[in-house]
Amino acid sequence: ETGVTQTPRHLVMGMTNKKSLKCEQHLGHNAMYWYKQSAKKPLELMFVYSLEERVENNSVPSRFSPECPNSSHLFLHLHTLQPEDSALYLCASSQDWRGLPSGANVLTFGAGSRLTVL
Amino acid sequence: AQTVTQSQPEMSVQEAETVTLSCTYDTSESDYYLFWYKQPPSRQMILVIRQEAYKQQNATENRFSVNFQKAAKSFSLKISDSQLGDAAMYFCAYRSSATGTASKLTFGTGTRLQVTL
């Protein structure tokens, strides 16, 4: 399997549940990202990992907890979420998070996990 | 801070016709990258085309081309010979070329393109 794979595709959870989103990339990239996509709003960068180390955390509430056990896998652990957290969560990867001198560091995205919080 | 504006929430084009999607951005930097991403109903964002700001020549990828006006901070996407498979959300995005900013892609709110027969 190639590219960036996200599971589950759809998730419905109550505010007291604990669940996790999974992302896997087969591109040999060193950086992985979580984005939140809400209707009529620009994509919001949540977290960036480079070689399993978190390098960006954009003021995301602690009810979202990322985990990167290796450079191919990225998780987003969810607990005590709010209805306003309902959104499409996109995972992406790129060769390098810092930007290459001659490259645009293009992101490759997964198909997202559609989260509904009741 | 950089901002990206897509002023057309929705556009419609007939099959085989040409359509142009608008994007403007605000930045104080002189070197940066601009992107157009497509998000079809399958939800997977796909890179359509990219432009380096230092290049004066407009980027082209098959039926997709851009009109990059650096002074006006405008970056429109032209789709020629539109096909049903072009129906999707299109996002314009900006990234600084400065080292350490690779993660900071700034997206617009998107334009939904409908292709009709």
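Small disclaimer: the values here were computed from a predicted structure and weren't measured.

## Examining the overall build of chain B
Broken down by element type, chain B carries zero helices and 12 strands. The order of α-helices and β-strands along chain B, N terminus first, is β-β-β-β-β-β-β-β-β-β-β-β. The C-alpha atoms of chain B give 14 Å as radius of gyration, which agrees with the globular expectation for 117 residues (13 Å, within 12%). Projecting the C-alpha coordinates of chain B onto the three principal axes gives extents of approximately 45 × 30 × 20 Å. Counting across all 117 residues of chain B, residues that qualify as buried make up 49%. Accessible area for chain B stands at about 5600 Å²; split by element, carbon and sulfur atoms hold 45% of it. Distance between charge centres in chain B, computed from 11 positive and 10 negative side chains, equals 6 Å.

## Description of the state of the cysteines
Residues and elements named next belong to chain A. Tallied over the entire structure, the rule returns two disulfides over all chains. The disulfide partner of Cys 23 is Cys 91, and the gap between their sulfur atoms is 1.9 Å. In this structure the cystine formed by Cys 23 and Cys 91 twists about its S-S bond by roughly -75 degrees; its chirality is therefore left-handed. With Cys 23 in strand S3 (residues 18-25) and Cys 91 in strand S9 (residues 87-94), this residue pair connects regions lying 68 residues apart in the sequence. Pair check on accessibility: Cys 23 and Cys 91 agree, each one buried. In this structure Cys 68 is not part of a disulfide, and its nearest cysteine sulfur, from Cys 91, lies 9.0 Å away.

## Looking at the sheet that holds S3 of chain A
Residues and elements named next belong to chain A. Strand order in the open sheet formed by four strands is S1-S3-S8-S7, and the pairing between neighbours is antiparallel. In the strand order of this sheet, the two ends are held by strand S1 (4-7) and strand S7 (64-70), each with one partner. Looking at each pair of strands side by side, their axes are set apart by 20 degrees on average, direction ignored. With four bridges joining them, S1 and S3 adopt antiparallel strand pairing. Bridging across to S3, Gln 6 finds its partner in Cys 23.

## Details of the pattern of salt bridges
Proximity of charged atoms lets side chains of opposite charge pair with each other. Residues and elements named next belong to chain A. Applying the stated criterion to the full structure yields five salt bridges over all chains. For Lys 41, the salt bridge identified is with Glu 44, shortest N-O distance 3.9 Å. On the basis of relative accessible area, Lys 41 is assigned to the partly exposed category, the value being 42%. Taking the shortest distance from any N to any O, the salt bridge between Arg 63 and Asp 85 comes out at 2.7 Å. Here Arg 63, found in the loop between strand S6 (53-57) and S7, pairs with Asp 85, found in the loop between strand S8 (73-79) and S9; they are 22 residues apart in sequence, far enough to count as distant. On the basis of relative accessible area, Asp 85 is assigned to the buried category, the value being 2%.

## Here's the deal with the environment of Ser 65 of chain A
Residue and element names in this part refer to chain A. Residue placement: Ser 65 occurs in strand S7. Assessed through its relative accessible area of 28%, Ser 65 is described here as partly exposed. Taking the C-alpha atoms as reference points, Ser 65 and Ser 94, separated by 29 residues in sequence, lie 21 Å from one another. Ignoring sequence-local partners within four residues, the contact set of Ser 65 consists of Phe 75, Leu 76 and His 77.

## A closer look at the nonpolar core
Grouped together as the largest cluster of nonpolar side chains are 25 residues, with contacts concentrated most on Tyr 25, Trp 36, Phe 75, Leu 77, Tyr 90 and Leu 113 of chain B. Of all elements in the fold, only strand S3 (19-21), strand S5 (32-39), strand S6 (46-52), strand S8 (64-69), strand S9 (74-79), strand S10 (88-96) and strand S12 (111-116) of chain B reach the threshold of two or more residues within this core. Among the elements that make up this core, the one with the highest residue count is S10 of chain B (four residues). Leu 11, Met 32, Trp 34 and Cys 91 of chain A belong to the second largest nonpolar core, which has 22 residues in total.

## With respect to the pairing of S8 of chain A
All names here are of chain A. Sheet analysis places S3 next to S8, joined by seven bridges and oriented antiparallel. The residue bridging Cys 23 from the neighbouring strand is Leu 74, located in S8. Pairing of S7 with S8, which is carried by five bridges, proceeds in the antiparallel orientation. Residue pairing across strands places Pro 66 opposite Leu 76, the latter belonging to S8.

What counts, and where the lines are drawn
Residues numbered from 1 in each chain as written. Chains lettered and ligands numbered in written order. Predicted model: local features only at pLDDT ≥ 70, side-chain atom pairs only at ≥ 80, totals over all residues. Heavy atoms only, no water. Helix = DSSP H or I, 4+ residues; strand = E, 2+ residues; numbered from the N terminus. Rg over C-alpha atoms; globule rule 2.2 N^0.38 Å. Buried < 20%, exposed > 50% of the residue type's maximum accessible area, 1.4 Å probe, protein only. Areas by Shrake-Rupley, 256 points an atom, 1.4 Å probe, with all protein chains shown as cover. Lys, Arg positive; Asp, Glu negative; His and termini not counted. Charge placed at Lys NZ, Arg CZ, Asp CG, Glu CD. Disulfide = S-S within 2.5 Å. Pairing = 2+ DSSP bridges. Axes fitted to C-alpha atoms, helices over the stretch in contact; angles between N-to-C directions. Salt bridge = Lys/Arg side-chain N within 4 Å of Asp/Glu carboxyl O. Contact = heavy atoms within 4.5 Å. Core = buried A, V, L, I, M, F, W, Y, C linked by side-chain atoms within 4.5 Å.

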